[in-house]
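Residue-level structure breakdown
Here are the chains, one letter per residue:
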Amino acid sequence: MESCSSNASTKVFFLVGFPAFQDFQTPLFVVFLLFYLLILVGKAVIITVVVVDHTLHKPMYFFLINLPVLDVLFTATTIPKTLAMFLGNAETISFWGCFLQMYSFHGLTVTEALLLAVVAYDRYEAICNPLCCPAKMTRRVNIQLAASAWITALLIPVPIITQTSQLAYRDTTRVHHCFCDHLAVVQAACLDFSADFQTFLGFSIAMTVSVIPLLLVTLSYVHIILSILKINSKEGRMKAFSTRTSHLLVVGTYYSSIAVAYMSYRADIPVDVHVMSNVVFSILTPLLNTIIYTLQNKEVKPAVKK
């Protein structure tokens, strides 16, 4: 049995991936590659349309550009390595490569939560304070809000990931995942009090950075719905509700996928089901976001057709 130590110089992580699907590596590669290409093409279309179409140069669509850029970076942290695993049996990843992937994955996950909260606040100002909104939500303020979300989210994971990198690991540590997710790596560490504490701390932080933005989004939409219900015209109410549908669908997709991913760590389920639940979060969420913003958004859809 390999000894455990905190020396990172010669350590590697072995990503187990999908043990029950070892005979289906090529079909899995094709499916994952197709999803990845759809995500990249879809995000490129959205970004191009918002930049080129001057009718979409509004605060809401400034934040909309941030989300596809985020999704491209988010999927780039996990899918290329997963594709390499399927195609070339590249299951190993270096110690520091693993923790860089972990940082990128969780940092970008938190960024999306904060950006969705910022978009909800922008919608709150537009609906509840329409007269003050143009003066309040200036381009400078929008940039500051977006930059604050990115910077805050990319700083939050640093302490926990730094501490996780100092746990004791074997020379070759088997991680039951297809990428370096924090809880999967901690569970693969040599068992001691520090590993148990890291599991608890990581889960607590994940819940905190998920629940607080969700509460802000919920609070914003409670005020938005109350304001919309005060509109006398039925057509006006329907129009106001329809313009918020795409954002609400993205919020619902994001948080439902997070719930499934984290519940899989607490449930006694096969490894393949557990890994697949996390893959759904990292692949299908960006893909669904593309579909939602192009098909549900009444302004983006005709702009894409043009």
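Residues numbered from 1 in each chain as written. Predicted model: local features only at pLDDT ≥ 70, side-chain atom pairs only at ≥ 80, totals over all residues. Heavy atoms only, no water.

Counted under the stated rule, the structure contains 11 aromatic pairs. Ring geometry for Phe95 against Trp96: centres 4.9 Å apart, planes inclined by 85°, an arrangement best described as edge-to-face. For the pair Phe99 and Tyr169, a centre-to-centre distance of 6.2 Å together with 65° between the ring planes defines the contact as edge-to-face. Of the two residues, Phe99 sits in helix H4 (residues 95-128) while Tyr169 sits in the loop between helix H7 (157-165) and strand E3 (172-175), which places them 70 residues apart along the sequence. Taking the relative accessible area as the measure of exposure, Phe99 reaches 4% and is therefore buried. An aromatic cluster of at least three residues, connected via ring pairs, comprises Phe13, Phe95, Trp96, Phe99 and Tyr169. (Phe/Tyr/Trp six-rings, centres within 6.5 Å; stacked < 30°, edge-to-face > 60°. Helix = DSSP H or I, 4+ residues; strand = E, 2+ residues; numbered from the N terminus. Buried < 20%, exposed > 50% of the residue type's maximum accessible area, 1.4 Å probe, protein only.)

Time to look at the nonpolar core. Counting 65 residues, the largest nonpolar core has Phe13, Phe18, Phe32, Phe99, Tyr169 and Val185 as the members making the most contacts within it. The element best represented in this core is H4, accounting for 16 residues. Aside from chain neighbours lying at most four places away, what touches Val185 is Phe13, Cys98, Phe99, Met102, Tyr169, Val175 and Cys180. (Core = buried A, V, L, I, M, F, W, Y, C linked by side-chain atoms within 4.5 Å. Contact = heavy atoms within 4.5 Å.)

If charged atoms from side chains of opposite charge come close, those side chains can pair. Taken as a whole, this structure holds 3 salt bridges when the rule is applied. Note that Lys43 is salt-bridged to Asp71, the shortest N-O span being 2.8 Å. Taken together, the positions of Lys43 in helix H1 (residues 25-52) and Asp71 in helix H2 (residues 59-76) put the pair 28 residues apart, joining distant regions of the chain. Among the salt bridges present, the one from Asp122 reaches Arg123, with a minimum N-O distance of 2.7 Å. Grouping residues by exposure puts Asp122 and Arg123 together as buried. (Salt bridge = Lys/Arg side-chain N within 4 Å of Asp/Glu carboxyl O.)

A separate point is a nonpolar patch on the surface. A cluster of nonpolar side chains, contributed by Val222, Ile225, Leu226 and Leu229, occupies part of the molecular surface with about 340 Å² of accessible area. Here Leu229 shows up in helix H9 (residues 193-229). (Patch = residues over 30% accessible without salt bridge, like charges linked within 9 Å, V, L, I, M, F, W, Y side chains within 5 Å. Areas by Shrake-Rupley, 256 points an atom, 1.4 Å probe, with all protein chains shown as cover.)

What follows covers the confidence of the model for the chain. Residues with a pLDDT of 70 or more make up 79% of the chain, whose mean pLDDT is 79. No element of the chain has a lower mean pLDDT than helix H12 (residues 300-305), which averages 62, and none a higher one than helix H6 (residues 139-155), which averages 89. (pLDDT = per-residue confidence, 0-100.)

So, about the state of the cysteines. Across all of its chains, the model carries 1 disulfide by this definition. The disulfide that involves Cys98 links it to Cys180, with 2.1 Å between the sulfurs. One quick way to see it: the torsion about the S-S bond of Cys98 and Cys180 is about -120°, and its sign makes the bridge left-handed. Residue Cys98 is located in helix H4, and its partner Cys180 is located in the loop between E3 and helix H8 (182-188); the two are separated by 82 residues in the primary sequence. Here Cys98 matches Cys180 in class, with each residue buried. (Disulfide = S-S within 2.5 Å.)

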